Amino acid sequence: MTYATVWTTPRNWANLETLTSDNMDIYVSSNLLYLYARDPALYVSNASQSFTTAVQAIVNFEDIVYDPATRVTIGAAWKYTASVAGTYFVDAALLFNSSTGWVAGEYAILDLFKNGTIYATLDYKDSLNSANAMYMHLDGGCLVQLATSDYIDVRCVQASGGTLTLNSSSAY
């Protein structure tokens, strides 16, 4: 399952206030990106993006489903650009294809970047010690303050000792 969600509101929320919206729709699938904001967007990926061991790369959700305000730039420099200042909630997940196993010292990290600088680590897994083939799943979310024209992207690095690809099914 590979997706990211961005949701924003142009006001501050009170502690423990229920966050609701008549227009809220969260869609979760493999290699999917769903952005819910003032300018919502939905992108999916079925390109089996490759991640070379120990090399951090931007996750590219390359297939547009819905983006009427063109908030997303696709490709190797994939990013979501804020159209309004506010507090955004970002939720992301990746599912790699099966690997031959993970051993002590090998790891995978999912990070959120804001304006080209690391903002938060969304997930970190290491030393899973699995001799069996397994699917590595990374996921996490956080709040981020964005000004108009600030941008975010999701990056991943894995150190499995070889190149791994994302699961290619956008309907996993």
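Everything below is about the structure printed above this text.
Residues numbered from 1 in each chain as written. Predicted model: local features only at pLDDT ≥ 70, side-chain atom pairs only at ≥ 80, totals over all residues. Heavy atoms only, no water.

*Asks:* Hey, could you run me through the overall build of the protein chain in this one?
*Replies:* Across its full length, the protein chain holds 0 helices and 14 strands. Moving toward the C terminus, one meets the helices and strands of the protein chain in the order β-β-β-β-β-β-β-β-β-β-β-β-β-β. Going through the 172 residues of the protein chain one by one, you find that 48% of them count as buried. For the protein chain, the proportion of contacts with a sequence separation of at least 24, taken over those separated by at least 6, is 71%. Within the structure as shown, the protein chain displays about 8,100 Å² of accessible surface, and the carbon and sulfur contribution to it stands at 52%. (Helix = DSSP H or I, 4+ residues; strand = E, 2+ residues; numbered from the N terminus. Buried < 20%, exposed > 50% of the residue type's maximum accessible area, 1.4 Å probe, protein only. Contact = heavy atoms within 4.5 Å. Areas by Shrake-Rupley, 256 points an atom, 1.4 Å probe, with all protein chains shown as cover.)

*Asks:* How do you make sense of the nonpolar core when you look at a structure like this?
*Replies:* Buried together is how nonpolar side chains tend to be arranged in soluble globular proteins. Residues Val59, Tyr88, Phe96, Leu110, Leu112, Leu138 and Cys156 are the most contacted members of the largest nonpolar core, which totals 31 residues. Contributions of two or more residues to this core are made by β9 (86–95), β10 (107–114), β11 (117–126), β12 (137–146) and β13 (151–159). (Core = buried A, V, L, I, M, F, W, Y, C linked by side-chain atoms within 4.5 Å.)

*Asks:* Looking at this model, I keep getting lost on the pattern of salt bridges. Mind explaining?
*Replies:* Oppositely charged side chains are able to pair whenever their charged atoms sit close together. Counted according to the given criterion, the structure contains 2 salt bridges. Ionic pairing is found between Asp123 and Lys125, a salt bridge with its closest N-O pair at 2.7 Å. You can call Asp123 buried: its relative accessible area is 14%. Judged by its relative accessible area of 23%, Lys125 falls in the partly exposed class. (Salt bridge = Lys/Arg side-chain N within 4 Å of Asp/Glu carboxyl O.)

*Asks:* Looking at this structure, how should I read the side chain of Gln49?
*Replies:* Relative to the elements of secondary structure, Gln49 occurs in the loop between β3 (41–44) and β4 (50–51). Among residues more than four places away in sequence, those in contact with Gln49 are Ile58, Val59, Asn60, Leu164, Thr165 and Leu166.

*Asks:* Hey, could you run me through unusual backbone geometry in this one?
*Replies:* Excluding glycine, a negative phi dihedral is what most residues carry, and trans is how most peptide bonds are arranged. In the Ramachandran plot, Ser48 falls in the positive-phi region, its phi being about 50° despite a non-glycine side chain. Tracing the backbone through its elements, the reader meets Ser48 in the loop between β3 and β4. Positive phi is not limited to glycine here, since Asn115 has a value of about 50°. Note on placement: Asn115 falls in the loop between β10 and β11.

*Asks:* For this particular structure, what's the right way to read the packing of aromatic side chains?
*Replies:* The relation between two aromatic rings is expressed through the spacing of the ring centres and the mutual angle of the planes. For the structure on display, the rule yields 3 aromatic pairs. With centroids separated by 5.6 Å and ring planes inclined at 85°, the aromatic side chains of Phe51 and Phe96 adopt a geometry described as edge-to-face. With Phe51 in strand β4 and Phe96 in the loop between β9 and β10, this residue pair connects regions lying 45 residues apart in the sequence. Judged by relative accessible area, which is 0%, Phe51 ranks as buried. Where Tyr107 meets Tyr124, the ring centres are 6.3 Å apart and the plane angle is 15°; that geometry is what we call stacked. One end of the pair, Tyr107, is in strand β10; the other, Tyr124, is in strand β11, and 17 residues separate them in sequence. Exposure remark for Tyr107: the relative accessible area of 25% places this residue in the partly exposed category. Judged by relative accessible area, Tyr124 falls into the partly exposed class, the value being 45%. The side chain of Lys79 reaches across the aromatic face of Tyr151, ending 4.6 Å from its centre. (Phe/Tyr/Trp six-rings, centres within 6.5 Å; stacked < 30°, edge-to-face > 60°. Lys NZ or Arg CZ within 6 Å of the ring centre and 35° of its normal.)

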